[in-house]
Amino acid sequence: MSDHEVLHVKGRVLAGPEDVRDELWAVDGRVTYERPPGDGFAVLDGWVLPGLVDAHCHVGLDRHGAVDDATSEKQALTDRGAGALLLRDAGSAADTRWIDDREDLPKIIRAGRHIARTRRYIRNYAHEIEPGDLVAYVAAEARRGDGWVKLVGDWIDREAGDLTPCWPRGEVAAAIAEAHRLGARVTAHCFAEDSLRDLVEAGIDCVEHATGLTEDTIPLFAERGVAIVPTLVNIATFPHLADGGQAKFPRWSAHMRDLHARRYDTVRAAYDAGIPVFVGTDAGGSLGHGLVAEEVAELVKAGIPARDALNATAWGARRWLGRPGLEEGAPADLVVYEADPRADVRVLGAPRHVVLNGRVVA
């Protein structure tokens with residue numbers, strides 16, 4: 001016999017963008033639309049979404065590298081409080097598998113540890129390797145992760161004084177092919193323009209940030225169905241980063257400011273071209289967790305319609321990651337709001353209730 005309380009959730013249950021139900025129940029931690037026997041159920045009322053998705057965050061990481069379990073727990077709890085109940089961990093140096101045994105913490109889909117070029121990424125974050133080792137490291141992370149591998153596609157090259165690609169095309173194509181053979185998808189951190197064509201033509205599945213998209217590469221992404229996770233709340237930090245590097249790397253600083261200045265136009269152009277766009281915050285490096293509502297609002301500010309911005313953190317994001325929403329029998333992971341988030345996404349910033357595995361946790 002389960003110790004889960006039966007919950008009766010009433011109001012407007014948004015099982016899909018247009019699939020609105022009057023009620024659901026959480027029985028034994030799972031969704032059902034059939035009334036269970038008995039009465040006296042705990043009742044929640046409001047507008048209901050499936051637990052939100054943050055498709056780019058880092059549990060177990062801060063600006064210096066791996067953190068202890070207590071800090072990882074605080075990060076996960078902060079995301080939970082914001083209604084983000086499914087996290088794609090886009091690279092972490094910490095082992096957070098213990099979270100999988102906690103029914104009160106968000107579900108995590110891990111991309112393993114970042115794979116970067118030697119001395120070409122944030123210290124203590126990544127496996128730092130040379131191209132000849134890329135296939136082997138991608139294979140290892142594909143086996144360790146939850147169906148994703150994370151590459152660092154570009155970073156500042158101190159000799160060039162600007163962002164440059166990290167990997168030769170041949171090696172990255174072989175590495176992506178090996179990940180696919182092992183059943184994993186591959187994503188890459190990319191700020192600039194120059195790495196994108198090689199990565200997409202090599203078979204990449206997703207690009208993080210994607211600030212370097214142009215009219216030349218947007219059609220290629222759309223044709224291949226390569227998704228982007230813009231992380232606009234992180235891109236907002238580019239001017240500060242540029243100021244810090246101005247004296248030593250003026251070309252890089254100017255480039256970062258330009259990428260920031262056109263960020264909304266870039267995202268809107270990608271959306272208009274049919275590129276799949278998903279919500280991610282890049283929390284856990286220099287940013288705090290719990291920013292999923294702010295990122296959805298940023299997508300709307302960029303010109304993405306509210307329902308599609310919601311889709312990018314709810315129904316569509318879960319489908320993309322291969323996880324259920326509010327279907328019959330799915331884990332009862334849901335968030336209850338005061339008003340219709342389709343009318344105003346700012347509602348996401350103030351959840352009335354958060355339910356995880358059928359239990360009210362916030």
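Residues numbered from 1 in each chain as written. Predicted model: local features only at pLDDT ≥ 70, side-chain atom pairs only at ≥ 80, totals over all residues. Heavy atoms only, no water.

Asker: Quick rundown of the sheet that holds strand 19 (residues 353-356)? Include the residues and the values.
Answerer: Read from one edge to the other, the open sheet built from 7 strands follows the order 3-2-1-4-18-19-20, with strand pairing classed as mixed. Whereas interior strands pair on both sides, the edge strands pair on one side only; in this sheet they are strand 3 (30-32) and strand 20 (359-360). As paired elements, strand 1 (residues 7-14) and strand 2 (residues 20-27) share 6 bridges and run antiparallel to each other. Paired with Leu14 across the bridge in strand 2 is Val20. (Pairing = 2+ DSSP bridges. Helix = DSSP H or I, 4+ residues; strand = E, 2+ residues; numbered from the N terminus.)

Asker: Lay out the nonpolar core in plain terms, naming residues and giving numbers.
Answerer: Among the nonpolar cores identified, the biggest contains 87 residues, and Leu134, Leu151, Ile204, Phe221 and Leu299 are the most heavily contacted of them. Every residue in contact with Leu134, bar those within four places of it in the chain, is listed here: Ile115, Ile129, Leu151, Trp167, Glu171, Val172 and Ala175. Counting 15 residues, the second-largest nonpolar core is a separate cluster that includes Val9, Tyr33, Leu44 and Ala332. (Core = buried A, V, L, I, M, F, W, Y, C linked by side-chain atoms within 4.5 Å. Buried < 20%, exposed > 50% of the residue type's maximum accessible area, 1.4 Å probe, protein only. Contact = heavy atoms within 4.5 Å.)

Asker: Kindly report on empty space enclosed by the protein, identifying the contributing residues and their values.
Answerer: To locate leftover empty space, one rolls a probe as large as a water molecule over the atoms. Evaluated as defined, the whole model comprises 1 cavity of 30 Å³ or more. The volume enclosed by the largest cavity comes to roughly 40 Å³. Along its surface, the largest cavity is lined by His209, Ala210, Thr211, Leu213, Ile228, Pro230, Leu232, Arg263, Thr266 and Val267. If one sorts the elements of the lining of the largest cavity by residue count, helix 9 (residues 263-272) sits on top with 3 residues. (1 Å grid on protein atoms, 1.4 Å probe; cavity = no way out; pocket = protein on both sides within 12 Å on 5 of 7 lines; lining within 4 Å. Points joined across faces, edges and corners; volume = space filled by probe spheres on them.)

Asker: Any details on the side chain of Asp89? Residues and values, ideally.
Answerer: For Asp89, the position within the fold is in strand 8 (residues 84-89). At 5.5 Å, Arg110 is the nearest oppositely charged side chain to Asp89, a buried residue that forms no salt bridge. Non-local contacts of Asp89, meaning those with residues more than four positions away in its chain, are made with Cys57, His58, Val59, Ile108, Ile109, Arg110 and Ala111. (Lys, Arg positive; Asp, Glu negative; His and termini not counted. Salt bridge = Lys/Arg side-chain N within 4 Å of Asp/Glu carboxyl O.)

Asker: Explain the packing of helix 7 (residues 238-245) against helix 8 (residues 250-261) residue by residue, including any values.
Answerer: Helix-helix packing is characterised by the crossing angle of the two axes and by the distance between the axes. With their axes 8 Å apart at the nearest point, helix 7 and helix 8 run at an angle of 170 degrees to one another. Here helix 8 runs roughly antiparallel to helix 7, going by the angle between their axes. Contacts from Phe238, Pro239, Leu241, Ala242, Asp243 and Gly245 in helix 7 reach Pro250, Trp252, Ser253, Met256, Arg257, Leu259 and His260 in helix 8. (Axes fitted to C-alpha atoms, helices over the stretch in contact; angles between N-to-C directions. Parallel < 35°, antiparallel > 145°, perpendicular 65-115°, else oblique.)

Asker: Outline the layout of surface pockets, supporting the account with residue identities and numerical values.
Answerer: Taken as a whole, the largest pocket holds about 1,200 Å³ of empty space. In this structure, the largest pocket is lined by 35 residues; those nearest its centre are Tyr121, Ile122, Trp155, Arg158 and Leu241. The element best represented in the lining of the largest pocket is helix 7, accounting for 5 residues. Its residues assigned to classes, the lining of the largest pocket shows 14 nonpolar, 11 polar and 10 charged. (Nonpolar A, V, L, I, M, F, W, Y, C, P; charged D, E, K, R; others polar.)

Asker: Any chance you could break down the environment of His8 for me, citing the residues and the numbers?
Answerer: You can see His8 is positioned in strand 1. Excluding residues within four positions of it along the chain, His8 makes contact with Glu23, Leu24, Trp25, Phe41, Ala42, Val43 and Leu44. Within the structure, the side chain of His8 is placed 2.7 Å from the side chain of Glu23, a separation counted as a polar contact. (Polar contact = N/O pair within 3.5 Å; in protein donor to acceptor, adjacent residues only side chain to side chain.)

Asker: I'd like a rundown of a positive patch on the surface, residues and numbers included.
Answerer: On the surface, Arg119, Arg123, Arg158 and Lys248 cluster together into a patch of positive charge. Considering the arrangement of structural elements, one finds Lys248 in the loop between helix 7 and helix 8. (Patch = residues over 30% accessible without salt bridge, like charges linked within 9 Å, V, L, I, M, F, W, Y side chains within 5 Å. Areas by Shrake-Rupley, 256 points an atom, 1.4 Å probe, with all protein chains shown as cover. Charge placed at Lys NZ, Arg CZ, Asp CG, Glu CD.)

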